[in-house]
Amino acid sequence: MEVSLYQRHKGVFKTISCIVHAVGAVHFTFGCYYDWFEVNIPKEVSPIFAAFGYKLKFLTYWDALLQAAYFILATVNDILGPKDKHTEEPTMLCKVRNFVECSMAFPVSMFVGFTFWSLMAVDRELVLPKALDPYFPPWLNHVMHTNIVIFQLLEITTSRRDYPPKKWGLLGLSVFQGLYLTWMTIVFSVSGLWAYPILNVLGVPARILFLTASFFTGFLFYFFGEYLNRFLWAEEKPTSHPNVKYSK
């Protein structure tokens, strides 16, 4: 039987994966810290930043917190070990890590990165006005909108994960997206401002269409992550991971 690339270099994959987790944990934790405490945008430059909710108004910040939490969780899982020493079954921590990654961390990061850079290509004033450049450094912009995608692609190519049943994975993503949309609406009802400039220029029908399309785009990235994981790691299913249960 032909040995897979992973089996031939298992130690290398594991080492790289641990490094990705540790660096990601530090990277996104520092990004969240710097954005929260060091980035102060005057009200006259952009009223939304001084409005109710502070940085938690933005899906970008929710996602950065999610990435920081995931990579910290993955690092702890690496240290403690993903399998129970007695049963050789995945630990509860490992199962939680897989669920967070599959249902939220991967699809949300893909959505944020794709949406942000797509809107930037069309008209940056719709998402990150040029007036913010003196206050929001380019490196932090890439931490929040570019590196989230890079680290998630590194994650899925260096370590495999067991996807939960679709109904639970999609439910987790739906809850996350639903909570953010509800919170964003609360922020608007209190401050009279939407978190992102594009929502302020759209009429009500267009705004509803945009938010609905955004919600379901998250599902597309969920299915993309599931497909990519299966494509990259399918050959490991019958060999080194006999207990893997792929979602149906």
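Residues numbered from 1 in each chain as written. Predicted model: local features only at pLDDT ≥ 70, side-chain atom pairs only at ≥ 80, totals over all residues. Heavy atoms only, no water.

**Digging into empty space enclosed by the protein**
Gaps left between atoms show up when a probe the size of a water molecule is rolled over them.
Here is step 1 of the chain: Applying the stated criterion across every chain yields a total of one cavity of 30 Å³ or more.
Here is step 2 of the chain: Here the largest cavity defines a volume of roughly 370 Å³.
Here is step 3 of the chain: Around the largest cavity, the lining comprises 22 residues; the ones closest to its centre are Leu59, Phe111, Tyr180, Tyr196 and Ser214.
Here is step 4 of the chain: Secondary-structure elements contributing two or more residues to the lining of the largest cavity are helix H4 (59–80), helix H5 (92–123), helix H8 (166–191), helix H9 (197–201) and helix H10 (204–233).
Here is step 5 of the chain: The dominant element in the lining of the largest cavity, judged by the number of residues it contributes, is H5, at six residues. (1 Å grid on protein atoms, 1.4 Å probe; cavity = no way out; pocket = protein on both sides within 12 Å on 5 of 7 lines; lining within 4 Å. Points joined across faces, edges and corners; volume = space filled by probe spheres on them. Helix = DSSP H or I, 4+ residues; strand = E, 2+ residues; numbered from the N terminus.)

**Thoughts on the nonpolar core**
Here is step 1 of the chain: Counting residues in hydrophobic clusters, the biggest one holds 61 residues, and the most contacted among them are Leu59 and Tyr196.
Here is step 2 of the chain: With twelve residues, H5 is the single largest residue contributor to this core.
Here is step 3 of the chain: With residues near it in sequence (within four places) discarded, Leu59 still touches Phe111, Val112, Phe176, Tyr180 and Tyr196. (Core = buried A, V, L, I, M, F, W, Y, C linked by side-chain atoms within 4.5 Å. Buried < 20%, exposed > 50% of the residue type's maximum accessible area, 1.4 Å probe, protein only. Contact = heavy atoms within 4.5 Å.)

**Description of unusual backbone geometry**
Here is step 1 of the chain: The phi dihedral of Tyr54 is positive, around 50°, even though this residue is not glycine.
Here is step 2 of the chain: Residue position: Tyr54 is located in the loop between helix H3 (47–50) and H4.
Here is step 3 of the chain: A residue is classified by how much of its surface remains accessible, and Tyr54, at 29% relative accessible area, is partly exposed.

**Quick word on the packing of aromatic side chains**
Here is step 1 of the chain: With the rule as written, the count across this model stands at 26 aromatic pairs.
Here is step 2 of the chain: Between Phe58 and Tyr196, the ring centres sit 5.7 Å apart and the planes meet at 70°, which makes this aromatic pair edge-to-face. Of the two residues, Phe58 sits in the loop between H3 and H4 while Tyr196 sits in the loop between H8 and H9, which places them 138 residues apart along the sequence.
Here is step 3 of the chain: Using a relative accessible area of 9% as the deciding quantity, one classes Phe58 as buried.
Here is step 4 of the chain: With a relative accessible area of 16%, Tyr196 lands in the buried category. (Phe/Tyr/Trp six-rings, centres within 6.5 Å; stacked < 30°, edge-to-face > 60°.)

**Here's the deal with the packing of H5 against helix H7 (residues 147–158)**
Here is step 1 of the chain: The interhelical angle for the contact between H5 and H7, taken along N-to-C directions, is 140°, at an axis separation of 9 Å. As summarised for this structure, H5 and H7 are arranged oblique, according to the angle between their axes. Once H5 is placed against H7, the crossing between them reads as left-handed. Here Arg97, Glu101, Ala105, Phe106, Ser109, Met110, Val112 and Gly113 of H5 lie close against H7, whose contacting residues are Ile148, Val149, Gln152, Leu153, Glu155 and Ile156.
Here is step 2 of the chain: Split by residue class, the contact of H5 with H7 holds eight nonpolar, three polar and three charged. (Axes fitted to C-alpha atoms, helices over the stretch in contact; angles between N-to-C directions. Parallel < 35°, antiparallel > 145°, perpendicular 65-115°, else oblique. Left-handed = near helix turned anticlockwise from the far one by under 90°. Nonpolar A, V, L, I, M, F, W, Y, C, P; charged D, E, K, R; others polar.)

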